[in-house]
Amino acid sequence: MLLRTIFLFCLLLVSVYQDFPLVNYFGEIARSPIVFLTPLFLIYILKNKKIEISFYTKYFIFYILYLILVTIVHVLWIVIFKQEVYFLGENIILKSIKMSLYPVIILIYYQFVFMFLNKDETRFEILFRAMFGMLLLLAIYLVFEIYFLKKEDIFAAFIHSDSKKYWRVRLLTMEESWVGSVLTIVSFVTIYLSNYLKKSIKIKFLIYSLASFFTLFYSVQSESKGYLLIFIISTLPLVIKYFYNNKKTRKFLFFFGFFLIMFGVYVFSILYSNVSSKLYSSVTFGTRFSSYLGALNTFVSHPLGVGWGPYLTYYPEYLKNVLESSIMSKFELGEVKKYLITSKNLSTKTYLFDNLIFGGIPFLLFYYLFFVRRYLFLSKIKDKNLSFIKIPLLYIILSSLLYVTFSVKFEIWFFLAFIDVLRTKFNKNIYG
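If you're wondering where the values come from, they're calculated on a predicted model, not measured in any experiment.

## Section: unusual backbone geometry
Stage number 1. If you check the backbone angles, A156 has positive phi at about 50° while not being a glycine.
Stage number 2. The residue A156 is located in the loop between α6 (123-149) and α7 (179-196) in this model.
Stage number 3. A156 sits in the buried class, given a relative accessible area of 15%.
Stage number 4. Here the phi dihedral of K198 falls at roughly 55°; this positive angle occurs in a residue that is not glycine.
Stage number 5. When you line up the elements, K198 lands in the loop between α7 and α8 (201-221).

Written as structure tokens, this is what we have:
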């Protein structure tokens, strides 16, 4: 069990490590070390006599197959009718192949995690120990990172792809906006497992204290407005429901609810004042807002999607139309205009809007079945402890709408595979 715990801890570590220096040599796909471990995952999967395809994995496979089909159709149309293959300096055929590697690697990783965790009843105990170790490591790392934050020295600069000073908290990721999913998954899954495995009061107290410290300490230091907003939206309803359903804590609901509402109003006022005062001058807001509109414009014009490589042809055109519209004249668009002349960074920076371009309406169906349906399934089960799973799941769903893409966010896929295993266990208990 010790070796398996060490292995799973290492797997979690490389999953949350998302600023691997080899990205400078192999491109964005190497921002996570997972890409180099994928052959080993595939060997593990194939050496099993029976490969169990999970409930949600089927949807993922169908969606990838659809993206391959729609990509081929659009590539052929462009080559035949436009008689070009190079757009923004890239070959759309090679671009399609490179972009297809992301979901394929994710699928292999997802299936490996599912099979490993679903192997036998001891795997959740192993996962708990690995998760606790990861929570402790990240909490310690956070303390040191914040200590060095206001100093000229860079803490652990050698683990990042860029040696320049970064003045915000990012842990082992590329930027601060990526931290939220790591924090919520590691914190809440560890709490869930401590309850699921019925650990002693002392261990639970230690887990709850460490997770609370990690979450609160980061939240106080965080400058990510998106994280604060989504975290509050994700946690408030479930926390209030938990207090209300528990007779012992119901009498404190009024005071606790009042405190939460006041805290929410305080955070909202800060976010509103910051956003409203910098609405037109903010480079980030101008870039994201125009990117979203460009994606919606592409989606409306091509409701079935345009595929991976061909998006280099379509998306810049619709983005250009957005930037030239009068509604965008007041915004700071210097950064996003650079997207029109190069394929580098040509993305909406969100999972949902990127895939609206790639997959269109079929993606929306996949998104519902693969993400939203999980939350609905968990909500039907009367288990208070599942609140600690629903919080990070809701956080992931909301962040995918606003500011995070999932291409190298492997902690998210690990978490989703874990939920798949949970569903399997619940179904076995219900149906035998």
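## Overview of the environment of P21
Stage number 1. Structurally, P21 can be placed in the loop between α1 (2-16) and α2 (23-26).
Stage number 2. You can call P21 partly exposed: its relative accessible area is 24%.
Stage number 3. Counting along the chain gives 138 residues from P21 to I159, while the straight-line C-alpha distance between them is 6.7 Å.

## Overview of the packing of aromatic side chains
Stage number 1. Counting across every chain of the model gives 52 aromatic pairs.
Stage number 2. Ring geometry for F7 against F112: centres 6.1 Å apart, planes inclined by 80°, an arrangement best described as edge-to-face. Here F7, found in helix α1, pairs with F112, found in helix α5 (residues 92-117); they are 105 residues apart in sequence, far enough to count as distant.
Stage number 3. Geometrically, the ring pair formed by Y208 and F388 is edge-to-face, given 6.1 Å between the ring centres and 90° between the ring planes. Residue Y208 is located in helix α8, and its partner F388 is located in helix α16 (residues 387-402); the two are separated by 180 residues in the primary sequence.
Stage number 4. We classify F388 as buried; its relative accessible area is 16%.

## Describing the packing of α1 against helix α3 (residues 34-46)
Stage number 1. One can describe the packing of α1 onto α3 by two numbers: an axis separation of 10 Å at closest approach and a directional angle of 140°. Between α1 and α3, the angle is such that the two are oblique. Facing L11, V14 and S15 of α1, the residues of α3 in contact are I34, L37 and F41.
Stage number 2. A per-class count over the contact of α1 with α3 returns five nonpolar, one polar and no charged.

## Describing the pattern of salt bridges
Stage number 1. Tallied over the full model, the rule gives twelve salt bridges.
Stage number 2. Linking D19 and R31 is a salt bridge whose minimum nitrogen-to-oxygen distance equals 2.8 Å. Placement of D19 in the loop between α1 and α2 and of R31 in the loop between α2 and α3 is noted, with a sequence separation of twelve residues between them.
Stage number 3. Residue D19 is classed as buried on the basis of its relative accessible area, which comes to 1%.
Stage number 4. Here R31 falls in the buried class, since its relative accessible area comes to 9%.
Stage number 5. Residues E411 and K409 are paired through a salt bridge, measuring 3.0 Å at the closest nitrogen-oxygen approach. Here E411 matches K409 in class, with each residue buried.

## Details of the side chain of R288
Stage number 1. By the element assignment, R288 lies in helix α12 (residues 283-301).
Stage number 2. Although R288 is buried, it forms no salt bridge, and the closest oppositely charged side chain is E175 at an N-O distance of 4.7 Å.
Stage number 3. Setting aside anything within four residues of it in sequence, one finds R288 in contact with T348, K349, T350, L402 and Y403.

## A few points about the packing of α6 against α8
Stage number 1. Two elements in contact, α6 and α8, have axes separated by 10 Å at closest approach and are oriented at 35°. As α6 packs across α8, the resulting crossing turns out to be left-handed. Across from F128, F132, L135, L136, L138, A139, L142, V143 and I146 in α6, the residues of α8 making contact are I203, L206, I207, L210, A211, F213, F214, F217, Y218 and Q221.
Stage number 2. Counted by class, the contact of α6 with α8 contains 18 nonpolar, one polar and no charged residues.

## Here we look at α16
Stage number 1. With 16 residues, α16 should cover 22 Å at 1.5 Å per step; its first-to-last C-alpha distance of 23 Å lies within 8% of that length.
Stage number 2. Counting buried positions along α16 yields 14 of 16 residues, so the element is predominantly enclosed.

## Structural notes on α8
Turn by turn, an α-helix covers 3.6 residues, leaving residues three or four places apart pointing in a common direction.
Stage number 1. If you check α8, its first and last C-alpha atoms are 30 Å apart, about what 21 residues at 1.5 Å a residue would give, namely 30 Å.
Stage number 2. Buried within α8 we find I207, L210, A211, F214, T215, Y218 and S219. Along the axis of α8, the buried positions cluster into a sector of 150°, meaning they face one direction only. Exposed side of α8, more than 90 degrees from the buried face: I201, K202, F205, L216 and V220 are the residues found there.

## Examining a nonpolar patch on the surface
Stage number 1. A surface patch of nonpolar side chains, about 860 Å² in accessible area, is lined by F62, L65, I68, I72, L76, W77, I80 and F81.
Stage number 2. The topology assignment puts I72 in helix α4 (residues 57-82).
Stage number 3. Given a relative accessible area of 45%, I72 falls into the partly exposed group.

Basis of the calculations
- Residues numbered from 1 in each chain as written.
- Predicted model: local features only at pLDDT ≥ 70, side-chain atom pairs only at ≥ 80, totals over all residues.
- Heavy atoms only, no water.
- Helix = DSSP H or I, 4+ residues; strand = E, 2+ residues; numbered from the N terminus.
- Buried < 20%, exposed > 50% of the residue type's maximum accessible area, 1.4 Å probe, protein only.
- Phe/Tyr/Trp six-rings, centres within 6.5 Å; stacked < 30°, edge-to-face > 60°.
- Axes fitted to C-alpha atoms, helices over the stretch in contact; angles between N-to-C directions.
- Parallel < 35°, antiparallel > 145°, perpendicular 65-115°, else oblique.
- Contact = heavy atoms within 4.5 Å.
- Nonpolar A, V, L, I, M, F, W, Y, C, P; charged D, E, K, R; others polar.
- Salt bridge = Lys/Arg side-chain N within 4 Å of Asp/Glu carboxyl O.
- Lys, Arg positive; Asp, Glu negative; His and termini not counted.
- Left-handed = near helix turned anticlockwise from the far one by under 90°.
- Expected span 1.5 Å × (residues − 1).
- Arc of directions from axis to C-beta.
- Patch = residues over 30% accessible without salt bridge, like charges linked within 9 Å, V, L, I, M, F, W, Y side chains within 5 Å.
- Areas by Shrake-Rupley, 256 points an atom, 1.4 Å probe, with all protein chains shown as cover.

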